[in-house]
Amino acid sequence: MSRVIRAALFQTAWTGDKESMIQVHEQAARDAAAQGAQVLCFQELFYGPYFCQVQDKAFYEYAEQIPEGPTVQRFQALAKELGIVLVLPMYEEEQPGVLYNTAAVIDADGSYLGKYRKTHIPQVQGFWEKFYFRPGNSGWPVFDTAVGRIGVYICYDRHFPEGWRALGLAGAEIVFNPSATSRGLSAYLWQLEQPAAAVANEYFVGAINRVGVEELGDNDFYGTTYFVDPEAQFVGEVASDKETELVVRDLDMAKLREVRDRWQFYRDRTPGTYGPLTAP
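The name given to the protein in an unreviewed UniProt entry is Apolipoprotein acyltransferase, with the source organism recorded as Streptomyces brasiliensis.

In structure tokens:
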């Protein structure tokens, strides 16, 4: 019997301050719920600029505790009000000086389900993330939500196939990849890697990217947010490369069984031969 999940992604530009950015995302959640969306994921570090274009300790102030901090609690109340699952990519302070790039997952009843901490941290021109984040230590959790089993992989993680596979082995049906990625650097990979991951691991992927050029640098964030199915087919249109956009799509979970019955990638794995892959 078919099970359809109406899922949403939101891409937007930096507004100039944290409070107005949060308000824009609150309205996006209301708009998504009004369109019948059951789950919504925001972009990487959603309530701030992409401050990793510079190395400035002033931006440590954007970090909050998860789930005790004010933003998670604010969106817990909103999730409960709207009856929607929310994925909140945030800057997390575990304790002073211990900071992570993290996504909090909130269920449709407002309960906090847990977090994923970004595992792979870049340190290249315009993406000075090691200045701000420790590598994640959460593993690759899959969250049992009101809409099904979802996972999260964050931005630079997408270049590493191991986490994609770990999420599939743990039973993920949809994996969200919130990002801040720049036109001149990675656009040629954007519509290649994530569809390939969806095929290789036989689940849906929701890929989210912010838009615009921010005052901190010349990174041109090119949007083009999309959902892709396990046959590498985009679900509906790809979003604008310049404008704020809410993407709402129906994902037919029957596609997962259909594809897995056709291509037995999980059956035909040979993990006993993969030991060298984990060698330093």
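Asker: So what about the environment of Tyr60? Which residues, and what values?
Answerer: Positionally, Tyr60 belongs in the loop between β2 (39-41) and α2 (70-82). Judged by its relative accessible area of 30%, Tyr60 falls in the partly exposed class. Between the C-alpha atom of Tyr60 and that of Gly97, which follows or precedes it by 37 residues, the distance is 8.8 Å. Not counting chain neighbours up to four residues away, the residues in contact with Tyr60 comprise Tyr91, Leu99, Phe131 and Tyr132. A polar side-chain atom of Tyr60 sits 3.1 Å from the main-chain carbonyl oxygen of Phe131.

Asker: Report on the UniProt feature "domain: CN hydrolase" (unreviewed entry) in the protein, specifying residues and quantitative values.
Answerer: According to UniProt, the feature "domain: CN hydrolase" (unreviewed entry) maps to residues 4-253 in the numbering used here. In this annotation, residues 4-253 is assigned 23% helix and 32% strand; the end-to-end C-alpha distance for the span is 6 Å.

Asker: So, the packing of aromatic side chains: which residues are in play, and what are the values?
Answerer: For the coordinates displayed, the defined rule picks out 25 aromatic pairs. Measuring from centroid to centroid gives 5.4 Å for Phe51 and Phe59, while their planes differ by 15°, and the two rings are stacked. On the basis of relative accessible area, Phe51 is assigned to the buried category, the value being 1%. The interplanar angle of 35° and the centroid separation of 5.9 Å between the aromatic rings of Phe59 and Tyr62 together place this pair among those described as tilted.

Calculation rules
Residues numbered from 1 in each chain as written. Predicted model: local features only at pLDDT ≥ 70, side-chain atom pairs only at ≥ 80, totals over all residues. Heavy atoms only, no water. Helix = DSSP H or I, 4+ residues; strand = E, 2+ residues; numbered from the N terminus. Buried < 20%, exposed > 50% of the residue type's maximum accessible area, 1.4 Å probe, protein only. Contact = heavy atoms within 4.5 Å. Polar contact = N/O pair within 3.5 Å; in protein donor to acceptor, adjacent residues only side chain to side chain. UniProt positions renumbered as here; feature names shortened; annotations may be inferred. Phe/Tyr/Trp six-rings, centres within 6.5 Å; stacked < 30°, edge-to-face > 60°.

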